[in-house]
Amino acid sequence: MAQLILVRPGKTDFDFQARIQGILNIPLSDAGREEAAQTAEKLQPLQAKALYCAPSQAAEETAAIIGQRLELKPKSIDRLQNVNMGRWQGMLVEEVRLKQPKVYKQWQERPETIQPPDGEMLAAAIERATEALVKLARKHRTGTIALVIPEPLASLIQHRIQGTPWSDLWQVSNGGSRIEIMNLDKDAPPQPAPAINGTAVNGKPTNAAAGTVEKNRVDAPAPPAKQAHAPVLVYRGAKFTPQ
């Protein structure tokens, strides 16, 4: 089987400012370029034979620095685009915490139930990332490949392959020259993704009494305490496509 090295891009100014990047194209900061060079040094003895990246400026710049050191030509994969965070993009994380405390807490505790205004559900991001991983697993049946993927999609990919529990997605960060090595087995199905209208969350069955998990919205009254599922609220002005 192949090995996959998961690499985060170097930091951008948005990372240092704790701003939400999502699919915005933000260039690497000077410190981010240094981090990319450090990551390249770490990767050299691992003898990666292919290098892929998300279609974002920071990921592509990081991959270019790594590729130059490893003598590999990076390839961008559209399906590995970061999670679309909609109208949260460009906002400070602290702004969301202060303006939408309930939503902030729910994204912290049950991010699979949240759709940012005009953004995408995590299940949709996991689905397209999984399609990319399946194709890579079929193409690379042996050897080592490296993927430069920004957060929070990097954490979702790790969850999908290894079944790791959800972490606090407000806290995950790019940079730091962090790499993680995992198996990419063409014959092993990926770990189950959290279901929006099903039974699997964190790879484990949910309580059947909880019923369907609904997309969180803002500004409506909370449901009666006896209901076990997430509250159904509505973002002002936000339009959602039913899942």
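Up top is the structure.
Values in this document were obtained by computation on a predicted structure and should not be read as measured data. (Residues numbered from 1 in each chain as written. Predicted model: local features only at pLDDT ≥ 70, side-chain atom pairs only at ≥ 80, totals over all residues. Heavy atoms only, no water.)

(A) Representation of the side chain of D15 within the structure. Residue placement: D15 occurs in helix 1 (residues 13-17). From its side chain, D15 meets the backbone nitrogen of T12 in a polar contact 2.8 Å long. Dropping the residues within four chain positions of it, D15 is found in contact with G10, Q21 and N174. (Helix = DSSP H or I, 4+ residues; strand = E, 2+ residues; numbered from the N terminus. Polar contact = N/O pair within 3.5 Å; in protein donor to acceptor, adjacent residues only side chain to side chain. Contact = heavy atoms within 4.5 Å.)

(B) Representation of the pairing of strand 2 (residues 50-53) in the model. Residues A50 and Y52 line one face of strand 2 and the alternating positions L51 and C53 line the opposite face, and both faces are buried. Where strand 2 lies against strand 3 (residues 75-76), two bridges are found, and the strand directions are parallel. The partner of Y52 across the bridge, within strand 3, is K75. The parallel pair strand 2 and strand 3 is bridged by helix 3 (residues 57-70), and the resulting crossover is right-handed. (Buried < 20%, exposed > 50% of the residue type's maximum accessible area, 1.4 Å probe, protein only. Pairing = 2+ DSSP bridges. Right-handed = clockwise from strand over helix to strand, strands pointing away.)

(C) Representation of the pairing of strand 1 (residues 2-7) in the model. Burial of strand 1 is extensive: five of the six residues sit out of reach of the surface. Judged from the six bridges that link them, strand 1 and strand 5 (residues 179-184) form a sheet pairing that is antiparallel. Bridge pairing in strand 5 places L4 opposite M182. Bridge analysis of strand 1 against strand 4 (residues 144-148) gives five bridges, and the strand direction is parallel. Paired with V7 across the two strands is V148, which belongs to strand 4.

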